[in-house]
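# A structural walkthrough
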Amino acid sequence: MANPFVEDIAARVGAAAGLAPAEVAQTLTTPPNPKMGDYCFPCFNAAKAQRCKPNEVAQELAARLAEGGYAGTVQVVGPYLNFLINRKDFSAWVLREVHQRKERYGHTNAFKGRKLVVDYSSPNICKHLSIYHVRNTMVGYALCQLHRAQGWTVVGINHLGDWGTQFGLLIAGFKRWGDENIFLGDAVEKLQDLYVKANEEAKKDEAFAAEGRAWFLKLEQGDPEALALWKRFRDASLAAFYEVYDTLGVKFEVIGGESLAREQMPRTIERAKAMGLATMSEGALIVDLSDMKMPPLMLLKSDGGTRYETRDLATAELRYEQHKFDKMIYVTGQDQKLYFRQLFETLRRMGYAWAERLRHVAHGMTRIAGERMRTRTGGAVKLRDVLAEAVERELEIVVAREAEAKTPAEAKAQAEHSRMVAIGSIIFHDLKREVTKDIDFDWDEALRWEGDTGAYVQYAHARICSILRKYGKPVSADVDAGLLSAEEEYLLIRKVSEFEAEIGRAVDRLEPSMICRYLLDLCALLSDFYGKHKVLCEDERLSAARVALMEAVRQTIANGLALLGVGAPEEM
Ligand code: ARG
């Protein structure tokens, strides 16, 4: 949806200033005080280019500017050009747009034909997902959704950590202590314990450690027994992961994993050698990156085994061959920042122009009461448990607010919406922090219904639904928009109109938290509106106009939440 008001202003200012309209549109802001106008063009950059004073440039531009059309009238305030548009026409246009576009409101096709690969969630198998994975999974999912909203074709890949020495050790452990019982009940829990035990044993007993390494080499050589066992570990893990992904409502286009690079790796290593990158160092094959002040990247260990990095190089090659992506994003914790710089640099040196298209989104950690939630050996808070507890706690909150359900149908509805609010709250709590920041997970803070929380936004949605139910008639955008003349109404409409641009900014910065912020701001304006006005009132025409406005706000909230993977309940 191209905003005709912005376009017209951009064209006029562009013509007067000798700038590209798109550039002007980028610079346009909205004055914080709506009395100052609707759109504002700051003249600082134009003044810099012309080596003049901003105030003078503003005066000059205003004198040369053709007034009228969608741009309305212009006022000069110091270095700013303020445009006063016809608000009635603007409101009518915004309402029509939202009512026509519905679930697609805010979406564009601007990047149609572009392909994005997002590598996210990507847990290591034989361990439960921990609370840490909520951030990774939901940041990745939101980035997929945000790009889709701009027309990108997105392939979300769950790149399982399913290959490496640790699985050789696990097989050795299974051979020594394990049996079929491992695969009954909570298999992942038992595999996790088995791994801890095997790891401890390997530290004490070099012979056992060697057995583990030998099993991994067998795996790499495709030994059927080793592969069959490994596959059962992987399947059991995936089943456990899927319980959580289903609860979160996350779907991947591809379930990949480190193991899938097995056949490609020899070619990858050949290529690195052919490009003169691979050198031997203490028996290992490495890529020296010291000229970039980075540690070397290891391709082969001294025992000939491959590494995480070898598999990532090979996987990147395979993905490019298959998808010819225009951009590929890896989402991981901050601790892999240096690693991804090494990886991207190595791919560049291997002669791949597409290495420029790789991005690493490094996110902060989730802590509970200041404790790091990512431990290798036990103690990690399981995501499955956190989600289950959230649902339980939320039901208590809902029951306390709404009173005990009287009928089974009521009880079912209560259970359903408290579940949606519980999961939504956990996701929102996480996404509202900027990606790079750490999170201190706090139950009360996460589940609160007031303040900057998911439940607050969801509640705003449910409340509009309830007003619309009370209204009882079909909602139409064909209303007298001139009746929506109060400042609170105009500010709401203006905010709704900014949704698409906000998605664009969130995509540019790879920052889903901007959508959380946007929704919280929208809901704050909604609450200002409720404080001053009633939607359903005596005046039928006014009610109809306000209902149309409420529906536009509701749709925008629902669409925003959908980008984040959060549900929009109709009742709460
Ligand atoms: N499995 C890794 C971990 O848990 C993350 C994998 C990220 N993706 C990648 N292609 N390296 O830390």
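Just so it is clear, the model here is predicted, and its values are computed rather than measured. (Residues numbered from 1 in each chain as written. Predicted model: local features only at pLDDT ≥ 70, side-chain atom pairs only at ≥ 80, totals over all residues. Heavy atoms only, no water.)

## Some details on the overall build of the chain
Across its full length, the chain carries 21 helices and 14 strands. Seen along its three principal axes, the alpha-carbon backbone of the chain occupies a region of about 85 × 70 × 40 Å. Split into buried and exposed, the 572 residues of the chain put 54% on the buried side. In the chain, once contacts between residues fewer than 6 apart in sequence are set aside, the share between residues at least 24 apart is 75%. (Helix = DSSP H or I, 4+ residues; strand = E, 2+ residues; numbered from the N terminus. Buried < 20%, exposed > 50% of the residue type's maximum accessible area, 1.4 Å probe, protein only. Contact = heavy atoms within 4.5 Å.)

## A closer look at the sheet that holds strand E11 (residues 358-363)
Spatial strand order, E6-E5-E4-E10-E11: five strands in an open sheet with parallel pairing. Looking along the sheet, the strands with just one partner apiece sit at the ends: strand E6 (254-257) and E11. Between one strand axis and the next, the sheet turns by 25° as a mean value, whatever way the strands run. Bridge count for strand E10 (residues 327-333) against E11 is six bridges, and the pairing is parallel. For valine 331, the partnering residue across the bridge sits in E11 and is valine 361. Sheet strands touched by helix H6 (residues 132-148): strand E4 (115-119), strand E5 (153-160), E10 and E11. Its angle to E10, the strand with the most contacts, is close to 160°. Here helix H13 (residues 337-349) sits on the sheet and contacts E10 and E11; the angle it forms with E11, its principal contact strand, is near 175°. (Pairing = 2+ DSSP bridges. Axes fitted to C-alpha atoms, helices over the stretch in contact; angles between N-to-C directions.)

## Description of helix H11 (residues 265-274)
For H11, the set of buried residues is Met265, Thr268, Ile269 and Ala272. Around the axis of H11, the buried residues are gathered within 95° of arc, so they sit on the same side. Of the exposed residues in H11, the ones pointing more than 90 degrees away from its buried face are Arg267 and Ala274. Check the buried side of H11 and you find it contacts helix H9 (206-220), strand E7 (278-281), strand E8 (284-287), strand E9 (297-300) and helix H12 (308-323). Among the residues trailing H11, glycine 276 stands out with phi positive, at a value near 70°. (Arc of directions from axis to C-beta.)

## So, the confidence of the model for the chain
Averaged over all residues, the pLDDT of the chain equals 94, while 98% of them reach at least 70. Confidence drops under a pLDDT of 50 for residues 373-378, and excluding neighbours within four residues, the segment shows 15 contacts in the predicted structure. (pLDDT = per-residue confidence, 0-100.)

## Thoughts on the site of the ligand
Around the ligand, the structure places eleven residues, and the nearest of them are Asp119, Ser122, Asn124, Tyr308 and Asp312. In this structure, aspartate 119 approaches the ligand through a side-chain N or O atom, which is 2.8 Å from a nitrogen atom. Tyrosine 308 is positioned with one of its side-chain polar atoms (N or O) 2.7 Å from a nitrogen atom of the ligand. When the ligand sits alone it has 350 Å² of accessible area, and the protein chains cover 94% of it. Taken together, the elements giving at least two residues each to the shell around the ligand come down to H12 and E10. Class assignment of the residues belonging to the shell around the ligand gives a composition of three nonpolar, five polar and three charged. (Near = heavy atom within 4 Å. Polar contact = N/O pair within 3.5 Å; in protein donor to acceptor, adjacent residues only side chain to side chain. Areas by Shrake-Rupley, 256 points an atom, 1.4 Å probe, with all protein chains shown as cover. Nonpolar A, V, L, I, M, F, W, Y, C, P; charged D, E, K, R; others polar.)

## Examining the sheet that holds E8
Strand pairing in a sheet takes place through backbone hydrogen bonds and is either antiparallel or parallel in direction. The strand order across the open sheet built from three strands is E7-E8-E9, with neighbouring strands paired in antiparallel fashion. Two strands in the sheet have a free side with no partner beyond their single neighbour: E7 and E9. With strand direction ignored, the average angle separating the axes of adjacent strands in the sheet is 45°. In terms of strand pairing, E7 meets E8 through four bridges, oriented antiparallel. Paired with threonine 279 across the bridge in E8 is isoleucine 286.

## Some points on the pairing of E10
With respect to burial, E10 is a largely interior element, seven of its seven residues being buried. Both E4 and E10 contribute to a ladder of four bridges, which runs parallel. Paired with aspartate 119 across the two strands is tyrosine 330, which belongs to E10. In this fold, the crossover linking E10 to E11 by way of H13 has right-handed handedness. (Right-handed = clockwise from strand over helix to strand, strands pointing away.)

## Structural notes on the packing of aromatic side chains
Counted by the stated rule, this structure contains 31 aromatic pairs. Measuring from ring centre to ring centre gives 4.8 Å for tyrosine 120 and phenylalanine 252, while their planes differ by 40°; the resulting arrangement is tilted. Of this pair, tyrosine 120 sits in the loop between E4 and H6 while phenylalanine 252 sits in the loop between helix H10 (224-248) and E6, and the two are 132 residues apart along the sequence. Tyrosine 120 gets classed as buried once you look at its relative accessible area, which sits at 0%. Classification of phenylalanine 252 as buried rests on a relative accessible area of 11%. (Phe/Tyr/Trp six-rings, centres within 6.5 Å; stacked < 30°, edge-to-face > 60°.)

## Side note on the nonpolar core
Ranked by internal contacts, the top residues of the largest apolar core, which has 142 residues, are Phe83 and Leu248. Discounting chain neighbours no more than four positions away, the residues touching leucine 248 are Val134, Thr137, Met138, Leu383, Leu387, Ile423, Ile427 and Gly565. Judged by nonpolar contacts, the second largest core, of 30 residues, contains Leu297, Ala316, Tyr339 and Leu358. (Core = buried A, V, L, I, M, F, W, Y, C linked by side-chain atoms within 4.5 Å.)

## Concerning the environment of alanine 403
Residue position: alanine 403 is located in the loop between helix H14 (383-402) and helix H15 (408-431). For alanine 403, a relative accessible area of 41% gives the class partly exposed. Distance in space between the C-alpha atoms of alanine 403 and serine 485 is 39 Å, their sequence separation being 82 residues. With near-sequence residues (within four places) excluded, alanine 403 lies in contact with Val398 and Gln414.

## A few points about the pairing of E8
Neither face of E8 is open: one carries Ala284 and Ile286, the other Leu285 and Val287, and all of them are buried. Between E7 and E8, which pair antiparallel in sequence order, lie two residues; one of them, glutamate 282, sits at a positive phi of approximately 50°. Across three bridges, E8 lies against E9 in antiparallel orientation. Within E9, the position partnered with isoleucine 286 by the bridge is methionine 298.

## Things to note about unusual backbone geometry
Residue serine 121 is not a glycine yet carries a positive backbone phi of 70°. When its relative accessible area of 2% is taken as the criterion, serine 121 is described as buried.

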